[in-house]
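Each chain is listed here by its residues.
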Amino acid sequence: MSETPEPAGPGRVVGTPVTAAYPDLRGKVAVVTGAARGMGARFAAALAVRGVDVVGADIDADAMAVTAKEITAEAAAVVRPGRVVAARADVTKADEHEAVAQVALAEFGRLDLWVNNAGIFPFAEVDAITPEQIRAALSVNVEGVLFGAQAAARHMRPGGAIVNMSSVSAVRVRRGRGAYCSSKAAVAHLTESLAVELGDRGIRVNAIAPGYIDTEMTRWVREDKAALQHALDAVPLHRLGSPEEVVGPLLFLLSDSARYVTGHSIAVDGGSRHV
Ligand SMILES: NC(=O)c1ccc[n+]([C@@H]2O[C@H](COP(=O)([O-])OP(=O)(O)OC[C@H]3O[C@@H](n4cnc5c(N)ncnc54)[C@H](O)[C@@H]3O)[C@@H](O)[C@H]2O)c1
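Procedures and definitions
- Residues numbered from 1 in each chain as written.
- Predicted model: local features only at pLDDT ≥ 70, side-chain atom pairs only at ≥ 80, totals over all residues.
- Heavy atoms only, no water.
- Helix = DSSP H or I, 4+ residues; strand = E, 2+ residues; numbered from the N terminus.
- Buried < 20%, exposed > 50% of the residue type's maximum accessible area, 1.4 Å probe, protein only.
- Polar contact = N/O pair within 3.5 Å; in protein donor to acceptor, adjacent residues only side chain to side chain.
- Contact = heavy atoms within 4.5 Å.
- Salt bridge = Lys/Arg side-chain N within 4 Å of Asp/Glu carboxyl O.
- Near = heavy atom within 4 Å.
- Areas by Shrake-Rupley, 256 points an atom, 1.4 Å probe, with all protein chains shown as cover.
- 1 Å grid on protein atoms, 1.4 Å probe; cavity = no way out; pocket = protein on both sides within 12 Å on 5 of 7 lines; lining within 4 Å.
- Sits in = over half its atoms within 2 Å of the grid points.

Draft legend 1. A look at the side chain of Asn206. Position of Asn206 among the secondary structure elements: in strand S6 (residues 204-210). Overall, the relative accessible area of 0% leaves Asn206 in the buried class. Here Gly263 takes part through its backbone nitrogen, which lies 3.2 Å from a polar atom of the side chain of Asn206. Asn206 has contacts with Ile162, Val163, Asn164, Thr191, Leu253, Val261, Thr262, Gly263 and His264, leaving out every residue within four places of it along the chain.

Draft legend 2. Representation of the environment of Tyr180 in the model. Considering the arrangement of structural elements, one finds Tyr180 in helix H5 (residues 178-198). A C-alpha to C-alpha distance of 9.3 Å links Tyr180 and Gln133, two positions 47 residues apart in sequence. Sequence-distant contacts of Tyr180, that is, excluding residues within four places in its chain, are made with Ile120, Phe121, Pro122, Asn141, Ser167, Ser169 and Met217.

Draft legend 3. Layout of the pattern of salt bridges. Applying the stated criterion across every chain, the model contains 15 salt bridges. For Glu96, the salt bridge identified is with Arg88, shortest N-O distance 3.3 Å. Overall, the relative accessible area of 21% leaves Glu96 in the partly exposed class. Arg88 gets classed as partly exposed once you look at its relative accessible area, which sits at 48%. Each of Arg42, Glu74 and Glu244 takes part in a single network of salt bridges with overlapping partners.

Draft legend 4. Seen up close, the site of the ligand. By nearness alone, 28 residues border the ligand, and Arg37, Asp58, Asn117, Tyr180 and Thr215 come closest of all. Taking Tyr180, its side chain carries an N or O atom lying 2.7 Å from an oxygen atom of the ligand. In the environment of the ligand, an oxygen atom lies 2.5 Å from a nitrogen or oxygen atom belonging to the side chain of Thr215. In isolation the ligand has 830 Å² of accessible area, and contact with the protein removes 94% of it. Applying the majority rule of atoms within 2 Å of the grid points places the ligand in the largest pocket. Contributions of two or more residues to the shell around the ligand are made by helix H1 (38-49) and H5.

As structure tokens, then:
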């Protein structure tokens, strides 16, 4: 059999093979916002055990420091883990994103990956929702993503990857979630806009759209039997997801295996977007 690669023909592109040992992210540097707990903490840990240096940023500085220590202890079990540094940042402030990027550059000398994970979930029906609630949802969930992408793009080289946390709520409305659903729909759309613009610089931008994931944010569902049953009725897989089950899609989107994927949202929702 010939060792010579076939030449490119009309409509065909013969490129170098995707050689990454999936998902090989060793030596990269990542920022994860909202990393003090929940999915963000899981993401930071998953990256660290795969040899990625991580700046975990959260508005709750004390919790972030504790989580960074816990992740460091967990990652010590693997050969050449990444280092985890804790930073305090409020994602509603553009300059605090820049400060986090500077921590990454000062500690690790580069910036490759950025996960806009921090988010809030205000719950109120239309007559009760306050201006503060809707402003907070848009500020944390939407401006937080935009400011994060701006800081990331300022310092990333071609090959950089950004992942935003959208939600099944971007495409499915439920009662009491007007502020949340509209903010996550904005994240989905913003992800597409950012992908179009940052593609010029070789930076990919994608999103993950989780359904019910078992974290502090959804504790009220888990603890209320009726709410839990109602939630599970809308999940074809009939259970909540775990933060660990969102890690695989995140690593894929961040890795070279997804190097031709941009402007896409991956649903990790047990099928609930269809119900
Ligand atoms: N849990 C779910 O079912 C679910 C479903 C869909 C989408 N999401 C989204 O996934 C992301 C993570 O959710 P989670 O369930 O892990 O949430 P969580 O509430 O457990 O954790 C959110 C983290 O974000 C931090 N944070 C909040 N406001 C911040 C701010 N202004 N600046 C910096 N940090 C801030 C919090 O301190 C906390 O550590 C969020 O964007 C959320 O909207 C969650």
